[in-house]
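Fold and contact review
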Amino acid sequence: MCAKPLLLDYFENYVLYHQNKVKIIAKNHQFLGVNNAIKSLRERDGKQGKLGIYWHTQGSGKSYSMIFFTRKVLRKVEGNWSFLILTDRRDLDDQIFR
């Protein structure tokens, strides 16, 4: 993919606004990881329901990666999608909800 489509993809799918004041942009590992997960989702036929693992480390922006993924799937992948995001901390619930 050349630079222009990548840049357009980034601005369309990897920029969030918190309370219309703070701009949150994806880090490189989030951009690459979400795009690889989307690619795996699109090629899901023949994978026997196994799409792979999206591994995160502490402080890597897991909540934002989940938001980037779900928003891009809803916009770009045909289908009637539903998502369930479970967290183990109230601050993550608040972060994802906002």
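Our subject is the structure that appears above.
Structure report, in brief.

Cut-off values and rules
- Residues numbered from 1 in each chain as written.
- Predicted model: local features only at pLDDT ≥ 70, side-chain atom pairs only at ≥ 80, totals over all residues.
- Heavy atoms only, no water.
- Axes fitted to C-alpha atoms, helices over the stretch in contact; angles between N-to-C directions.
- Helix = DSSP H or I, 4+ residues; strand = E, 2+ residues; numbered from the N terminus.
- Parallel < 35°, antiparallel > 145°, perpendicular 65-115°, else oblique.
- Left-handed = near helix turned anticlockwise from the far one by under 90°.
- Contact = heavy atoms within 4.5 Å.

Bringing the packing of helix 2 (residues 28-42) against helix 3 (residues 62-76) into the picture now. Where helix 2 meets helix 3, the axes come as close as 10 Å, and the angle between the chain directions of the two elements is 40 degrees. It follows from the interaxial angle that helix 2 and helix 3 lie oblique. The crossing of helix 2 and helix 3 is right-handed. Between helix 2 and helix 3, the contacting residues are Gln30, Val34, Asn35, Ala37, Ile38, Leu41 and Arg42 on the first element and Tyr64, Ser65, Phe68, Phe69, Lys72, Val73 and Lys76 on the second.

Time to look at the packing of helix 1 (residues 3-13) against helix 3. Packing of helix 1 against helix 3 leaves a shortest axis separation of 10 Å and a crossing angle of 110 degrees. On the basis of their axis angle, the class for helix 1 and helix 3 is roughly perpendicular. Packed against helix 1, whose contacting residues are Asp9, Glu12 and Asn13, the element helix 3 presents Phe68, Lys72, Arg75 and Lys76 at the interface.

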